[in-house]
Amino acid sequence: MRLLLIHTGGTLMMRGGDPTPLEPDVYTRDLVAELPVLRKLAEIETKILYNLDSADFQPHHWVELAETVHASLDRYDGFVIVHGTDTMAYTASALAFLLPGLDRPVILTGAQKPLADVRSDARTNLVDACHLATTRIPEVGIAFHSELLRGCRATKLDAWGMKAFGSPACPPLAELGLGVNLAGHVLAPRPRASFDGRLEPHVLAVRTFPGLDPRLLHGALAAGVRGMVIEAFGAGNVPRLENSLVPVLEAARAADVPVVIVSQSTRGAVDLTRYHGGVAAARAGAIGAGDMTTEAALTKLMIVLGRAADETGGRASAARAAFAASWAGEISL
Ligand code: ASP
């Protein structure tokens, strides 16, 4: 078994903290040299791609990371990516969509406390990630706190506890106890696809709240936003009386700017037929994203828009078709 361990940064290898802020350590020590037990699992090569707090990740980092994995697929049986927890769910979602033809594991992991800390969760998470990367799970997953979550379903739920991630709409792909219990919904291997890193980053995510002034969204349209994700209430409802969002949704449709609706609720799904606020949004052209996370909806929208740039038929219709399909198990259909 040969694994590629890609370091991108995050708390796992940070130093400092209390009272100074944690910051990326100078990456002088090889993680595998630090944890030689990893060699018992596989032959592991390390690549240091970045050493960033993941709050500083940008979409071009996702593309470079995905391209690195894609270019190495034939040389390694599995991939482990060490990443900060703050934006790990965005990166995992982007990778799931940028690597559609996966036939081997791509496992992200990180830690709530640096490896050097006595009470660190880094060692377990890293060992679990490397172990999972030697299995035949052909998915982009997040290994954290003895669970493997589907990357494009995960979200960071906890900034204090050791179980940083949850995947409210999709059970874990695997649970690690004395052994490893694999779930039945792990995807089957998919045939390899050529790499397409096109992506449109000029999108906006907006949370609806009582009092949201729709003129701010008209301003975003005027400023050239190419797509929007609206985190609506409950089943996908938006205000339609005072401060109605319906006119701005209609303006977006007229400008061929797709608007995707996700829910602020962590459980349940968007259903734009259930209340008048959802029906009005759908009539104005909004696209319901079912039980997708905001992270998955945003990254998928960026990728769809990147590819729609030279497609005929319009960006909104490309987005509508894409959100009606599951690319990597990101939505329950
Ligand atoms: N700020 C850190 C990061 O995302 C947090 C972490 O790694 O847990 O890089």
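Please refer to the structure placed before this passage.
All of the buried residues along helix α6 (residues 246-254) are V246, V248, L249 and A252. Looking down the long axis of α6, one finds its buried residues gathered within 165 degrees of arc, a one-sided arrangement. Its buried side turned inward, α6 meets α5 (214-222), β14 (227-232), β15 (259-263) and α7 (276-283). Of the residues trailing α6, D256 is marked for its positive phi of about 55 degrees.

All right, on to empty space enclosed by the protein then. Enumeration over the complete set of coordinates arrives at 1 cavity of 30 Å³ or more. Considering the residues around the largest cavity, the lining is formed by A96, L99, L102, E139, V140, R150, C152, L187, R190 and A328.

In the contact formed by α5 and α6, the axes pass within 9 Å of each other and the chain directions differ by 10 degrees. Comparing the axis directions of α5 and α6 gives the class roughly parallel. Here P214, L217, H218 and L221 of α5 come into contact with α6, specifically with P247, V248, A251 and A252. Of the residues assigned to the contact of α5 with α6, the class counts are 7 nonpolar, 1 polar and no charged.

Our focus in this paragraph is the site of the ligand. Taken together, the neighbourhood of the ligand is formed by G10, T11, D53, S54, G84, T85, D86 and A111. D53 has a polar side-chain atom sitting 3.0 Å from a nitrogen atom of the ligand. In the complex, the protein chains occlude 91% of the 260 Å² of accessible area that the ligand would expose alone. Here the ligand is seated within the largest pocket. Among the residues forming the shell around the ligand, the class breakdown is 1 nonpolar, 5 polar and 2 charged.

Before going further, it helps to spend a moment on the pattern of salt bridges. All told, the structure shown has 15 salt bridges when counted by the stated rule. Linking R153 and D291 is a salt bridge whose minimum nitrogen-to-oxygen distance equals 3.2 Å. Note that R153 is positioned in the loop between β8 (147-150) and β9 (155-156) and D291 in the loop between β16 (287-288) and α8 (294-308), a separation of 138 residues in sequence. What makes R153 buried here is its relative accessible area of 4%. Residue classification places D291 among the buried residues on the basis of a relative accessible area of 14%. Put simply, R198 and D196 hold a salt bridge, and the shortest N to O gap is 2.8 Å. Residue R198 is classed as partly exposed on the basis of its relative accessible area, which comes to 35%. When salt bridges that share partners are traced, they join D74, D103, R104 and R192 into one network.

Conventions and cut-offs
- Residues numbered from 1 in each chain as written.
- Predicted model: local features only at pLDDT ≥ 70, side-chain atom pairs only at ≥ 80, totals over all residues.
- Heavy atoms only, no water.
- Buried < 20%, exposed > 50% of the residue type's maximum accessible area, 1.4 Å probe, protein only.
- Helix = DSSP H or I, 4+ residues; strand = E, 2+ residues; numbered from the N terminus.
- Arc of directions from axis to C-beta.
- Contact = heavy atoms within 4.5 Å.
- 1 Å grid on protein atoms, 1.4 Å probe; cavity = no way out; pocket = protein on both sides within 12 Å on 5 of 7 lines; lining within 4 Å.
- Points joined across faces, edges and corners; volume = space filled by probe spheres on them.
- Axes fitted to C-alpha atoms, helices over the stretch in contact; angles between N-to-C directions.
- Parallel < 35°, antiparallel > 145°, perpendicular 65-115°, else oblique.
- Nonpolar A, V, L, I, M, F, W, Y, C, P; charged D, E, K, R; others polar.
- Near = heavy atom within 4 Å.
- Polar contact = N/O pair within 3.5 Å; in protein donor to acceptor, adjacent residues only side chain to side chain.
- Areas by Shrake-Rupley, 256 points an atom, 1.4 Å probe, with all protein chains shown as cover.
- Sits in = over half its atoms within 2 Å of the grid points.
- Salt bridge = Lys/Arg side-chain N within 4 Å of Asp/Glu carboxyl O.

Everything listed is a geometric property; what it means functionally is a separate question.
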